[in-house]
Amino acid sequence: MKIVEKSSKKQDMEFKPNIVCFCCNWCSYAGADLAGVSRFQYPASIRIIRVMCSGRVEPAFILKSFKDNIDGVLVTGCHIGDCHYISGNEFTKDRFERLTIILKFLGLEDRFRLEWISASEGKKFAELITTFTNQIKKLGPLNNI
Amino acid sequence: MVIKGKLREYLNNCYQCAMCSGICQMGRIQKYTPSRIIQLIIEGFEDRIVESGMLWDCLTCNSCLEKCPHEVNFAEIVRDARNKMLDAGIMPKIAHKGFYTLLSEIMSKENITPEKTFEWVPSGCKISEEGNILYFVGCAPLFNYEFDESMNNAVDTLKILCKIENEPIVLLKDEKCCGHDLLWQGKIEAFKKLAIHNIKAFERSGASLIVTSCAEGYRTLKIDYPSMFENFNVEVKHLVEYLYEKLKENKIKFKKEKKNTKILKLTYHDPCRLSRFLPKSFNIYEKIRYIFKELEKVGYVYNEMVHNKSNSLCCGVSCWLNCTDKAKALRYHRMLEAKDVADNLITTCPKCEIHFRCLQNDTETVQDINVIDLSNLLENVIEVIPSKQNK
Ligand code: SF4
Ligand code: SF4
Ligand code: FES
């Protein structure tokens, strides 16, 4: 009989990233919902936080996530022009462009992404999560780069 | 009982004369009585003080220490207590949604190495990674995120340094935040990590002199780093000290601006970190005023505000805590004082500058005064005296 030590099995456990995804209520969240309803497969690495509009997402939220060792952050909203509150996402775009400069300085820009996803783009949502998760997997966990 | 050691001694030194409560800057706008807080702590109600969260309100402006007959350092007690308050889960309200504090906290992680870019360095300035004189830029490039003019200070300081020094100035690529805000918010662990990183970086560069143009950065590098770390003994100078020495050594002078049709009326706001937070022996008040005296010779007018030097009023916020309408009231008062005597308000603390400018955005009555940093003012007027002329 071959004896397998329990702990050795644990070691080759795969790195499962923790990703936070902010979804706006009117498009992206519906998109995520559609992805679920249509049974598109995507990794279970994300935690969705629903906000009323992508304009609600403060840059400080992103930093707070990184401070608490979240490996990646996604912000999603309606396509430009589709925002339920008319221009919330334009505002978001502007402020995250500014934030990217700072993330670059910290070497964290690859761990953050801003995407537009409409209510009908369930497939795109699933793909986004898959590619982003793979990207983060390649980068490794944040707390021991 | 949380307050021990040196701080406890401070407390026991208190006479209960209430001088501090009389002078307290926070006391001008809300009920705030440091002497009473001290008494409650001595009487054993420390937990209640910590739980009430009232220590988050202190501006840590050190006005109370200035007036205290027995040198009770209340701000330091507050700093220590804040650490305990965080442990107890009593959180402060941090301005800008905590953005800048979070940045410092992320930076304090050992595995994060920032990469500064130097595209802002003015052309003609020689910079290097190793050398004698290091310019500690500080957070200015990060403030750029919200405050468009925040880089001017760094650019002009670097211009001044390059003009005076022949050798290239050292700028660190991986310089982290000095940690001032974290320290005064009571996040001492994170502060220490930042400090260790910076001290190592300073050593690597081989610099023998660190110049900074930020009042908070100066106080932190000059006083707090050496007090916590034995092996940090690089000379640190604020731009004010640096220029004062150069003036005294006859290396520089101020030139007259030719097209100076309108006489500029100046006044100076002493930031707390570059006045009350330094030992008296630094003589910083006189050094800065010497610079203004020299400026008067070339046609500027310098007027003192009603509250000046160690009496100077607070800009209303320190370490990003509690920027409320109360803080704005303090700021408003300060700006009115400045407006009475001058049309240019000079300061040496980038944060004071940001705070004053911010108030100008929403209050018309103070819009006509120009808030600038000392480096912005001096960049154009400094002239280097060639060394041959000296002999
Ligand atoms: S001024 Fe100093 S001695 Fe007087 S009450 Fe305040 S802390 Fe105590
Ligand atoms: S540091 Fe300033 S705000 Fe705090 S108690 Fe002393 S005088 Fe008041
Ligand atoms: S509601 Fe979707 S971005 Fe504004």
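Notes on the structure in this doc start here. On a predicted model such as this, the values are computed, not experimentally measured, just so you know.

## Describing the site of ligand 2
Residues in contact with ligand 2 amount to 13 residues; listed here are only the nearest, Cys24, Cys58, Leu59, Cys61 and Cys64 of chain B. Taken together, the residues that form the shell around ligand 2 break down as nine nonpolar, four polar and no charged.

## With respect to the pattern of salt bridges
Taken as a whole, this structure holds 34 salt bridges over all chains when the rule is applied. Across the pair Arg204 of chain B and Asp174 of chain B runs a salt bridge, and its minimum N-O distance is 3.5 Å. Highlighted residues: Arg204 of chain B in helix H11 (residues 188-205) and Asp174 of chain B in the loop between strand E3 (169-170) and helix H10 (180-184), separated in sequence by 30 residues. Overall, Arg204 of chain B belongs to the exposed group, its relative accessible area being 52%. Residues Asp362 of chain B and Lys328 of chain B are paired through a salt bridge, measuring 3.7 Å at the closest nitrogen-oxygen approach. You can see Asp362 of chain B sitting in helix H16 (residues 350-362) and its partner Lys328 of chain B sitting in helix H15 (residues 325-341), a full 34 residues away along the chain. Connected through shared salt-bridge partners, Lys64, Lys67 and Asp68 of chain A together with Glu105 and Lys187 of chain B make up one network.

## Observations regarding the site of ligand 1
Residues and elements named next belong to chain B. The full set of residues close to ligand 1 is Cys14, Tyr15, Gln16, Cys17, Ala18, Met19, Cys20, Ser35, Ile38, Cys68, Pro69 and Val72. Going through the elements one at a time, helix H2 (19-23) and helix H3 (34-42) are the ones with two or more residues in the shell around ligand 1. Counted by class, the shell around ligand 1 contains ten nonpolar, two polar and no charged residues.

## A look at the packing of aromatic side chains
Residues and elements named next belong to chain B. What the rule picks out here adds up to 18 aromatic pairs over all chains. A centroid spacing of 5.9 Å and a plane angle of 70° characterise the contact between Phe136 and Phe202, whose relative ring orientation is edge-to-face. One end of the pair, Phe136, is in strand E2 (residues 133-136); the other, Phe202, is in helix H11, and 66 residues separate them in sequence. Relative accessible area serves as the criterion here: at 2%, Phe136 is assigned to the buried category. Considering the side-chain rings of Phe143 and Trp320, the 5.7 Å spacing of their centres and the 90° angle between planes classify their relative orientation as edge-to-face. Of this pair, Phe143 sits in helix H8 (residues 140-143) while Trp320 sits in the loop between strand E8 (301-302) and H15; the two residues are 177 residues apart in sequence, bridging distant segments of the chain. Here Phe143 and Trp320 have matching classes, each one buried. One aromatic cluster is present, built from ring pairs that chain together Phe99, Tyr100, Phe143, Tyr145, Phe147 and Trp320.

The rules behind the values
Residues numbered from 1 in each chain as written. Chains lettered and ligands numbered in written order. Predicted model: local features only at pLDDT ≥ 70, side-chain atom pairs only at ≥ 80, totals over all residues. Heavy atoms only, no water. Near = heavy atom within 4 Å. Nonpolar A, V, L, I, M, F, W, Y, C, P; charged D, E, K, R; others polar. Salt bridge = Lys/Arg side-chain N within 4 Å of Asp/Glu carboxyl O. Helix = DSSP H or I, 4+ residues; strand = E, 2+ residues; numbered from the N terminus. Buried < 20%, exposed > 50% of the residue type's maximum accessible area, 1.4 Å probe, protein only. Phe/Tyr/Trp six-rings, centres within 6.5 Å; stacked < 30°, edge-to-face > 60°.

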